[in-house]
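# Secondary and tertiary structure notes
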Amino acid sequence: MKNVPYFFFAAILLCLQSCNTNNWETSVSSPSGNNSIQFYLSSDGTPNYTVAHNNNMVIDTSSMGFDFKDHHPLRGGLQLIKTTLNTQDETWEMPWGEQRTVRNHYNSLRVELEEIEAPNRKLNIHFKAYDDGVAFRYEFPEQAGRDSITIIDEHTEFQLTGDHTTFWIPGDWDIYEQLYQTTKVSEIDAIAMRDHPNLAATYIPENAVNTPVTMRSDEGLHLTFHEADLTDYAGMTLKVDNETLKLTSELVGSDRLGHKVKTALPAKSPWRTIQIADRAGDLIESRLIENLNEPSKLDDVSWFTPMKYVGIWWEMHLGLSTWDLEATQDMNTFATLGQEQTSTKHGANTENVKKYIDFAAANGFGGVLVEGWNTGWNYWIGFEDREGVFDFVTPYEDFDIDEINSYAKEKGVQMIMHHETSAAPRTYEKQMEAAYELMQKHGMHSVKSGYVGKIIPKGEYHHGQWMVNHYRKALEMAAEYQVAINAHEPIKGTGLRRTFPNMIAREGLRGQEFNAWATDGGNPPEHLPIVAFTRMLSGPIDFTPGVFDIGLPTKPNNQINTTLAQQLALYVVIYGPIQMACDLPENYEGQPAFQFIKDVGVDWEQSKVLHGEVGDFVTIAREERETGNWFVGAITDENTREITVDFDFLADGKTYKALIYRDADDAHYRDNPEAVVIENMDIDSGMSKTFVLKEGGGLAISLMVE
Ligand code: NOJ
Ligand code: CA
C-alpha cells in the first residue's frame, strides 16, 4: 500500500475537478469515514476514480469506459452534468442465512455525465461507500434514438497500489473449479492453468482471474474484488497486468452472438465491489454483496426449510454405482476425468433409495438427494450432441417415483430433485415448467441442478450473459412452483439470494467430489482455508462435507486431505442452508463423531469469525436460530497450529453443555486422519480454551443450551 497520504492526491484532484466539474461534490466517504471514493474527469473527459482506506490510497487513479458494437466508444469526451449525494441506513431480515438481521448503511454519490459532442450520450456512475468496502455501477439512461446497447468491452480499471499477495483462480469463462493459487499480482499466470485434465469444460482466453479474488497487502490490509447483482449482463473476470499491477474488467463474451452484453435501455451494470478489511475475518462477516441487491421479490419462502441431507451421490463418485441404468456407460462417461471402470449397478433404484430414506429418518436428516433417477445418463460426459437427451420428467424403470415419494413422506423426509442439464440449457428450458410441476406434485421443494460440459450452443459460455439469463429464468420459474435451486457449475453468486431467496446454494468451486477422482491428488489442505475468504464471499456453498472413510479404500490413488475433525468443522465454517452428509450410510455406523453432524445447525441467528488468516486457518462461531445453541468450527491448512477460543460470544449467565471434537494428538491428514477425540464439559461466556489443530486438521464444538 502506498504510504502517501490520501489528502495529497485529493488536493491534486480538487484542482482537476475545479477545471471541469462546476464545483459539484465528487467524493463520498463511508458512514465511519474509513473508506472514501474520489471521482474526477481527466482533462480529456475520461471518468476516473480513486479509493482510500484510513487516508491511504488503496486504488490509485483508475479509469472507466466502454466499447460498443454499432457506435463509437464511450471512454472520453464527457462532461459532468450533476452529482447527487445520499445516505441510507436500513435493516433487513434474511429468511435464512448466516445471520438474521443485516444492516445496510452507506453514503452514495451518483455522477451524471454526458458527451460534450453529438450524439451527447449519457452515462451515470453510482458510487456507494460502506464501512466494509466500496462499490459502483454504471447506469445507461434512456437515450434519444436508441432502445438498446451492445457492449463489446467494459474497461473498468482497478489500479493496485502494491504487489499484493493474491489468492486467485483463473478467469475461466466456463468453470470456477480450479485450485486456488497464492502468488504476488506480478506473478499471476492464468494461462498456465489451461486444459485441466479433470474439467469437462474450461476456457481461459486471457491472463485474468475470476472473482471473488482476495488480496493481502504487505501491511496486512485485505481487499476482495467481486461484483453484485449480476443481472442481464455478462460475468466479469479481471485481466491482470503483471507489470503495472492494474486489473481491468474483462467480460465473458458470446462468440455466437459476437458481443459481450446486449441490453435494452435504460440499463444498469452489476456493481463492481471492493471489500476492504484490516482483519481477514471481517471479509467473511461483510454483507456488502447482499446489501447491493434488491430486496426480496418473493413474499414467502417458508416452503423452503434449511436442512441437512444425505443422498445417492458419493457412491457414484467412488465408482460403486452408476448414474445410468444400463451401467454400460458406467465410468466410461467419466473417462475424461481419468476414471477407471469399477461400477456395476445403477444407484438410483427404489430399494437403494429407501435405504437412504430410512437412514435419513433415523438420524434426523431433512432430505434425500437422488442422482441418476431420470433417463438420458447414457449420453452424458464425452458426448458432443447432448441436446434433447436428458428428460426431467421420465424416471428410469427401476425408480418408482410415486412409491419413493410417499415412502419418504411417511417417514417425514423430503426428496431432493436432481436435474443434470449437461450444459444443454435449451433442452432444459423446454421442460423446465413440466419438471417443476412434477416436483410440486410430489411436494419436493428443492432441486440440485448441474451444467457439466461445454455449453450447447457452441460459442456460449457458462459465465456469459446468455447463461446468466438462463440461470435467472430457472430461478424465476422455480419460484412459481415453490422450488429452491442449488446450482452446480453455476454462475457465481452475486448476492441474488436477497432478491430471490429460493437461490439457496451453489457449487461454483472445486468441491468434495474432486477428492474422489482428481488426478492431481485431490484438494490440498489449504484449499478450504482459502475458499472461506474467497469463494465464500459470493454466497452459500454446497461443498458436501462429512466424509468419515477418509482413506477412500475403493480409490487407491485418492484420499481426503483433511482429518475427520476437519470434516466436522466444515459444517460450521463453510456456510450453506443445505448441508450434505455425503458419505455412505454404513460409514457413519458406530461412529460417535456422527453425533456432531446430527446436532449441528444449518440456519443462523448470528455468525462471528473468531480468527483466521487467508489460506492458513479460520475459526467461526455461529448461533443457531430458535434454539440459541452455538457451534464452533476451526480448520487449518497443512500446518499444525494452536488456537484459543474465547467463549465470550455465549450469552452471559448461561451454562452450555459442550461436546468438543478435536484432532487426536497423533492425528495427521496424511497418515492418521480419522483419529478424533471427543470430550464433554460445561462452558460459559467467561471461559477460554486453547486447542491444537493438527496438520490438515480441525475442531468442532457444539454448545447446547442447558
Ligand atoms: C457435477 C456435480 O458437481 C456433481 O455433484 C454431480 O454428481 C455431477 N455433476 C452429476 O450431475
Ligand atoms: Ca462440479
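Residues numbered from 1 in each chain as written. Chains lettered and ligands numbered in written order. Predicted model: local features only at pLDDT ≥ 70, side-chain atom pairs only at ≥ 80, totals over all residues. Heavy atoms only, no water.

What follows concerns the coordination of the calcium ion (ligand 2). Around a metal, the idealised angle for a tetrahedral arrangement of four donor atoms is 109.5 degrees; for an octahedral arrangement of six donor atoms it is 90 or 180 degrees. Coordination of the calcium ion (ligand 2) by the protein involves Glu 177 (OE), Glu 489 (OE), Glu 507 (OE), Glu 507 (OE) and Glu 513 (OE), with metal-donor separations of 2.4 to 2.8 Å. Geometry at the calcium ion (ligand 2) is irregular, judged from the six donor atoms that bind it and their angles of 50 to 150° at the metal. Each donor residue of the calcium ion (ligand 2) belongs to the same chain, and together they define the spacing E-x311-E-x17-E-x5-E. In this pair, Glu 489 is assigned in the loop between β26 (484-487) and β27 (503-506) and Glu 513 in helix α9 (residues 513-517), connecting sequence segments 24 residues apart. (Donors = N, O, S within 2.8 Å, 3.2 Å for Na, K, Ca; no water. Tetrahedral: all angles 85-135°; square planar, octahedral: opposite > 155°, others 65-115°. Helix = DSSP H or I, 4+ residues; strand = E, 2+ residues; numbered from the N terminus.)

Right, let's get into the packing of helix α7 (residues 425-441) against helix α8 (residues 465-480). When two helices pack together, their arrangement is given by the angle between their axes and by how far apart the axes lie. Running from N to C, α7 and α8 cross one another at 15°; their axes reach a closest spacing of 9 Å. With respect to α8, the axis of α7 lies roughly parallel. Judged by the sense of rotation from one axis to the other, the crossing of α7 with α8 is right-handed. For the pair formed by α7 and α8, the contact residues are Pro 425, Arg 426, Tyr 428, Glu 429, Met 432, Glu 433, Tyr 436 and Gln 440 on the first element and Trp 466, Met 467, His 470, Lys 473, Ala 474, Met 477, Ala 478 and Glu 480 on the second. (Axes fitted to C-alpha atoms, helices over the stretch in contact; angles between N-to-C directions. Parallel < 35°, antiparallel > 145°, perpendicular 65-115°, else oblique. Left-handed = near helix turned anticlockwise from the far one by under 90°. Contact = heavy atoms within 4.5 Å.)

A cis amide bond, omega 10°, links Ala 118 with the succeeding residue Pro 119. With an omega of 10°, the peptide bond between Ile 456 and Pro 457 qualifies as cis. Note on placement: Pro 457 falls in the loop between β25 (446-450) and α8. Backbone geometry at Ala 423 places phi at a positive 60°, although glycine is not the residue there. You can see Ala 423 is positioned in the loop between β24 (414-420) and α7.

This part covers the environment of Met 236. Here Met 236 shows up in strand β17 (residues 236-241). Once the C-alpha coordinates of Met 236 and Val 310 are considered, the two residues, 74 residues apart in sequence, prove to be 34 Å apart. Among all residues touching Met 236, those that are not within four sequence positions of it are Asn 210, Thr 211, His 226, Glu 227, Ser 249, Glu 250, Leu 251, Arg 272 and Lys 492.

Core analysis: the largest hydrophobic core is formed by 183 residues, its most contacted members being Phe 127, Phe 140, Phe 225 and Tyr 436. Beyond its immediate stretch of four places on either side in the chain, Tyr 436 contacts His 419, Tyr 428, Val 447, Ala 474, Met 477, Ala 478, Tyr 481, Val 483 and Ile 485. Counting 19 residues, the second-largest nonpolar core is a separate cluster that includes Ile 643, Phe 649, Phe 691 and Leu 693. (Core = buried A, V, L, I, M, F, W, Y, C linked by side-chain atoms within 4.5 Å. Buried < 20%, exposed > 50% of the residue type's maximum accessible area, 1.4 Å probe, protein only.)

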